[in-house]
Amino acid sequence: MLEANEGTREIMEEIQTRMARNPDRARRIGTFGFIELEDTWGDETTILNTARVSTSNRRLSDPSTLSDKDRSLLEHLLSEEHGTPFETVWFRYRFIAPIFVLRQWVKHRVSTWNEFSMRYRKPISAFYVPDTKARTIEGFEVMTQEQTDRYVSLMETVNRFYEEEYETICQKIDGLRLQGSLPPKTGGRDPYRARARELLRCAMPVSNYSDVYWTVNFRSLMNFFNLRTKETAQYEIREYALAAYDVFGHAFPLLRSIMEKIGKAPITPASS
Ligand SMILES: Cc1cc2nc3c(=O)[nH]c(=O)nc-3n(C[C@H](O)[C@H](O)[C@H](O)COP(=O)(O)OP(=O)(O)OC[C@H]3O[C@@H](n4cnc5c(N)ncnc54)[C@H](O)[C@@H]3O)c2cc1C
């Protein structure tokens, strides 16, 4: 069993804290995955006020007091795909997902990314392990338990390789510093340790988890929901997209209900 490194233990504690503090907006995915809608900017009134700039001087400030007319305008804008008013509402998600999921997610270019760096920190020492559901299609076990065990053993070996080689290099650096063969650390980033991290990260597999802040406007978020909750999307990113939609729906039940009414909502497992 691979032991989590210190940074990974801190992330595990942080996930527990966030889940307890923000249960409507945070979800666990698999053994180590996590997503939280940490922040939002704007609401239904932002969309309506933006749209009305061209037609009226009426402005709203409280989304809980929308009239039937307001609701039907929202419905009209969404169903007719009036895009730009939906670009004025923003969402900031944090998610912890395997790197192979990140590679698919980052293709959604109309959004802003900030990702955990293996140049500045050691990798998160947790990797994706597909459970029985992820490994099975219509009763056929595509990847068996035995194969999964071998995969887990391989990933543990790679993660251990990183930890052990990094430790060896750090000890060497410290020893050479004591002897005076390497210049002392002058504060800030240690260039030798930093280069070790840059080189050793090359061994890390795409199954290891990474940590991302994803900031996205509502129009682009709907595009993400649409593309990544479909059956054709890979199972793992689909799990994240469905969780992202679920927490969005808790935060914006009216928008969710309009999306569902006009057929723009993802087909969730509960609704399918
Ligand atoms: C099932 C599935 C399989 C996929 N397979 C692959 C694959 O094999 N290889 C691969 O590389 N990608 C693959 N993708 C990624 C896909 O090609 C898109 O890059 C990704 O889904 C992001 O979609 P998007 O471009 O609509 O989103 P965004 O990049 O967020 O763009 C949003 C919208 O902005 C507009 N836009 C953005 N950039 C441009 C531009 N340069 N020119 C014109 N309009 C633009 C488009 O209207 C676009 O829909 C796959 C996606 C899915 C869902």
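Residues numbered from 1 in each chain as written. Predicted model: local features only at pLDDT ≥ 70, side-chain atom pairs only at ≥ 80, totals over all residues.

## Thoughts on the overall build of the chain
Our working rule: By the criteria applied, helices consist of DSSP H or I runs no shorter than four residues and strands consist of E runs no shorter than two, each listed in order from the N terminus. Our exposure labels follow a C-beta count within 10 Å of each residue's own C-beta, placed from the backbone: buried means 20 or more other C-beta atoms, exposed means 12 or fewer, and partly exposed covers the counts in between. Each residue is represented by a C-beta atom placed from its backbone, and any two residues with such atoms within 7 Å are regarded as in contact.
Per the secondary structure count, the chain includes 10 helices and seven strands. Counting only residues that meet the buried cut, the chain has 25% of its 272 residues in that class. When contacts within the chain are restricted to residue pairs at least 6 apart in sequence, long-range pairs at least 24 apart make up 75% of them.

## A look at the site of the ligand
The cut-off we apply is this: Only the C-beta atom matters for this test: placed from the backbone, it must lie within 6 Å of a molecule or strand for the residue to be near it. Just so you know the grouping, Ala, Val, Leu, Ile, Met, Phe, Trp, Tyr, Cys and Pro go in nonpolar, Asp, Glu, Lys and Arg go in charged, and all remaining residues, Gly too, go in polar.
Taken together, Lys-107, His-108, Arg-109, Val-110, Ser-220, Asn-223, Leu-227, Arg-228, Thr-232 and Ala-233 make up the full set of residues near the ligand. Grouping the amino acids of the shell around the ligand by side-chain chemistry returns three nonpolar, four polar and three charged.

## Some words on the sheet that holds strand S2 (residues 33-41)
The strands that make up a sheet pair up through hydrogen bonds in the backbone, lying either parallel or antiparallel. Applicable threshold: In this scheme, strands are said to pair when DSSP sees at least two bridges between them. Orientation is described by lines fitted to C-alpha atoms, with helices fitted over the stretch in contact, and by angles between N-to-C directions that extend from 0 to 180 degrees.
Strands sit in the order S1-S2-S3-S7-S4 across an open sheet of five strands; the sheet is antiparallel. The sheet terminates laterally at strand S1 (26-29) and strand S4 (112-115), the two strands that pair on one side only. This sheet shows a mean twist of 20 degrees between the axes of neighbouring strands, independent of strand direction. Here strand S3 (residues 90-98) runs beside strand S7 (residues 209-217); their pairing, made up of nine bridges, is antiparallel. Looking at the pairing, Arg-92 lines up with Thr-215 of S7.

## Topic: the nonpolar core
To keep it simple, the criterion reads: Under the definition applied here, buried Ala, Val, Leu, Ile, Met, Phe, Trp, Tyr and Cys residues are grouped into a nonpolar core through C-beta atoms within 7 Å.
Counting residues in hydrophobic clusters, the biggest one holds 46 residues, and the most contacted among them are Phe-95, Tyr-240 and Ala-244. Top contributing element to this core by residue count: helix H9 (residues 235-251), with nine residues. Those residues within four positions of Ala-244 in sequence are excluded, and the remaining contacts are Ile-35 and Tyr-93.

## Observations regarding the environment of Trp-41
Tracing the backbone shows Trp-41 in strand S2. For Trp-41 and Ser-61, which are 20 residues apart along the polypeptide, the C-alpha to C-alpha distance reads 13 Å. Apart from residues no more than four positions distant in its own chain, Trp-41 is found in contact with Val-89 and Trp-90.

## A few points about the packing of helix H3 (residues 68-79) against helix H10 (residues 253-261)
Selection rule: Relative orientations are named as follows: roughly parallel for angles under 35 degrees, roughly antiparallel for angles over 145 degrees, roughly perpendicular for angles from 65 to 115 degrees, and oblique for any other angle. Less than a right angle of anticlockwise turn of the near helix away from the far helix marks a crossing as left-handed, whereas a clockwise turn marks it as right-handed.
Between H3 and H10, the shortest axis-to-axis distance is 10 Å and the interhelical angle comes to 55 degrees. Put simply, H3 runs oblique to H10. Remark: the crossing between H3 and H10 carries right-handed chirality. Of the residues in H10, those in contact with Leu-74, Glu-75 and Leu-78 of H3 are Ile-258, Met-259 and Lys-261. Of the residues in the contact of H3 with H10, the class split is four nonpolar, no polar and two charged.

## Some thoughts on the pairing of S3
A regular strand carries its side chains on alternate faces of the sheet. As paired strands, S2 and S3 are joined by seven bridges and run antiparallel to one another. Residue pairing across strands places Trp-41 opposite Trp-90, the latter belonging to S3.

## A closer look at the pairing of S7
Bridge analysis of S4 against S7 gives four bridges, and the strand direction is antiparallel. In the strand pairing of S7, Glu-115 is matched with Val-212.

## Notes on helix H2 (residues 44-52)
Quick reminder of the rule: Working note: the arc is built from the helix axis to C-beta atom directions.
When we look at burial in H2, the residues that qualify are Glu-44, Ile-47 and Leu-48. The arc that holds every buried residue of H2, seen down its axis, measures 95 degrees, which confines them to one face. Looking at the buried side of H2, the elements it contacts are H3 and H10.

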